[in-house]
Structure formats: structure tokens, C-alpha cells
Amino acid sequence: MKQSQRFRTVTRTWLALASTLALSITGLGVGSAYAQEKTLRMVVGYPAGGAVDVVARQLGEAMRGAGYSVVIDNKAGAAGQLAVQLLLQAPADGKTVILMPGGNLSIYTHVYPNLKYKLDDLAPVATVCAFNFALALGPGTPARTLQDFIAWARANPGKASYGSPGAGTGMHFMGVMLGQKAGFEFVHVPYKGGANATTDLLGGTLPALATTLPNLVKLHQSGKLRIVGFTGDKRLPKLPDVPTFREQGYPDIVLSEVFAVFASAKTPSDLLNSLEGSVMAAARSTTVRQALEKLEFESQVLDGRTTRANLLASLKAWGPIIQSSGYSISK
């Protein structure tokens, strides 16, 4: 056989083998997985390292199993409002979603008279988890317990301040409620997310911090800060030394929050249904559930319709609390 003929024969053989291998891979689902991989932009309205960001990254990683390549886009500012506006400005093609606290709708509606979005502008995709709020103390105060802190605050007017991940958040109002009911001046210092506030608490420039309980657990267990109360209705097995506000004489400070995924309300229903199934499957995965449990989040996976119904109920419940505080933001 001539050399040129031999070359053509070998070439055809390799091409045939390559074609067979490609068909085999596709049949196994590998080729189709790469072909169908979908890029999903998940907007987070708070800096990296905060509670929302941590949950978003866990969820995004788990969604790879449904063929998604999730890109986390941190857009901090205006207590999470900039991120919602970014979502609503993006094409309603199911390629952009937001993970945010439900309070950014149920609370902000009462707080911001000129809020640039409302519940009807968003399509709830799914609830991912629930959690409580907590108050932590750092080296900026000599107090070791909630009672000690209240006594210190009364004896030092103007010194008792607390940070939160943003003005108008549930954590902000937790502090407002505590100050009102305990009868002391509690000065609120809003931050763009909980991470920077935690840094100032640990550095001693901020006496107290009101934020999500999960963000404080490891720091409390290591002794770097002290959680002196949280908004649950009973103590947690992993934090047996941390009392609730209820058992310390504040029965009205029982609050909870959820993180949920939303898309634009203009998104076609078939795309919303696909997103709902993928997000719920990821949130129910062993990996995500275990990660949430370690952080003291409660796994609570609910579909879009149930999420919307719960938000409407929360919207109604927060009204009297915020109105009694007399707080509002004109911007």
C-alpha cells in the first residue's frame, strides 16, 4: 500500500473512532450537559462574606447539578435596593435572579415611601432558608450579658450604639424594639452589609451588632464576641448558652426572616417554572442542607406561590411594628 493511501486509511480510522467516542459520551449525558449548560447571574445586594452572599454561593454551586453555571454578582448599596433595581433593569429572560431577604419587600414597603419597586414587580422563585436575628457585644463595651448592657447603656447615655447590615432592615428594627421596650437610647449605625459591621465590632469601635444569628455563631463559639440574645422562640441545641429575648423579658421580640430567590415578574412562566424546580432541588440537596445547618440557618424550601403568600402575610405583620417606631426614610 502506498504511503498516501496508508495515511488516508489511518485518518479515516481515527475519525471513525472519534465519532464513535463522541456519540458514546453524548449518550452518557456528558456531551449534552456541556451543550445545555446555562449561565445564571445571581445578584446579591450585600458584600462578599455576609450571610446572603454565603448562602448564594452554596446554592449556586449546588445548581451545577441542574446544568447551571452560576455567577454571583455582589451589588451592595442602599440596603440591598440597588441589587433589586439591577435585576429589574436586566432582560426578563430567566438568566438573572436575585437572592435576598424577604424583608427587602415586606419591611421596605413600610420604611421607604419612595421605594422604586414593589412585590408585584418581582416573581418569587423559591424560599431557600429561614433564620433568626441576634444581638452581639464586643470589646467596645464591658457588658457580658443583655442585662449588663442595658444597665451600662442607661448609665452612659449616647454611648450605646449598634450596627446592622443596613437601615430599614429587620435587624435595625430589632434594635429599635429593644431600645424602646428596655427604656434606653440605642443609636443605630447602618452598614453596607454585616461583614464590615462585624469587623468594627471586633475592633472595639462598635459596642454592639444586630445581625443574622448565623453570621455570629462561630465568632461566639470562639469567644471573639458574645451573643446576648436572639429572636427565636426557644434556645438552640448548638447554642445552649444563648438565651432568647423572650425568656429575658421581651416577649414581643420574636422575629424571623427568610432568604428567597426572585426573578423579574416579566419573566415567562415556563422559565420561572424551570428556575423554581432547579432552585428547590439545589436547596434540598444534602450539600446545601448540611452547609446551612452548620451556619445555624434553618432549611426551609418553599415554592414560588407559597413564598409570595408568606411575604404578603409578613408585609401585614411588619406594618404595626414599623409604624410604632416612627421610623421612615424619605429617599
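The text that follows walks through the structure, step by step, so that each part is easy to find. Here the structure is a predicted model, which is why all the values come from computation and not from measurement. (Residues numbered from 1 in each chain as written. Predicted model: local features only at pLDDT ≥ 70, side-chain atom pairs only at ≥ 80, totals over all residues. Heavy atoms only, no water.)

### Brief notes about the pairing of strand E7 (residues 187–190)
In step 1: Strand direction decides the pairing type here: strand E6 (residues 161–164) and E7, joined by 4 bridges, are parallel. Counted as the bridge partner of Ser164 is Pro190 from E7.
In step 2: Chirality of the crossover, the property in question, places the unit of E6, helix H8 (residues 170–182) and E7 among those that are right-handed. (Pairing = 2+ DSSP bridges. Helix = DSSP H or I, 4+ residues; strand = E, 2+ residues; numbered from the N terminus. Right-handed = clockwise from strand over helix to strand, strands pointing away.)

### Here's the deal with the pattern of salt bridges
In step 1: By the definition in use, this model includes 8 salt bridges.
In step 2: The salt bridge involving Lys238 is made with Glu293; its shortest N-O contact spans 3.9 Å. In this pair, Lys238 sits in the loop between strand E9 (226–230) and strand E10 (257–264) while Glu293 sits in helix H12 (residues 286–294), placing the two residues 55 residues apart along the sequence. (Salt bridge = Lys/Arg side-chain N within 4 Å of Asp/Glu carboxyl O.)

### Considerations on the layout of surface pockets
Think of a ball as big as a water molecule: rolled over the atoms, this probe shows where empty space is left.
In step 1: As a volume, the largest pocket reaches approximately 760 Å³.
In step 2: Taken together, the elements giving at least two residues each to the lining of the largest pocket come down to helix H5 (103–106), strand E4 (122–131), E10, H12, strand E11 (298–303) and helix H13 (304–325).
In step 3: Broken down by element, the lining of the largest pocket gets its largest block of residues, 7 residues, from H13.
In step 4: The residue inventory of the lining of the largest pocket, partitioned by class, reads 14 nonpolar, 13 polar and 8 charged. (1 Å grid on protein atoms, 1.4 Å probe; cavity = no way out; pocket = protein on both sides within 12 Å on 5 of 7 lines; lining within 4 Å. Points joined across faces, edges and corners; volume = space filled by probe spheres on them. Nonpolar A, V, L, I, M, F, W, Y, C, P; charged D, E, K, R; others polar.)

### Details of the sheet that holds E9
In step 1: On the basis of which strands lie adjacent, the open sheet formed by 5 strands has the order E7-E6-E8-E5-E9 and mixed pairing. The two strands at the open ends of the sheet, each matched to only one other strand, are E7 and E9. Along the sheet, successive strands turn relative to each other by an average axial angle of 30°, direction set aside.
In step 2: Together, strand E5 (133–137) and strand E8 (208–212) form the strand contacts of helix H9 (residues 194–203), whose direction differs from that of E8 by roughly 150°. (Axes fitted to C-alpha atoms, helices over the stretch in contact; angles between N-to-C directions. Contact = heavy atoms within 4.5 Å.)

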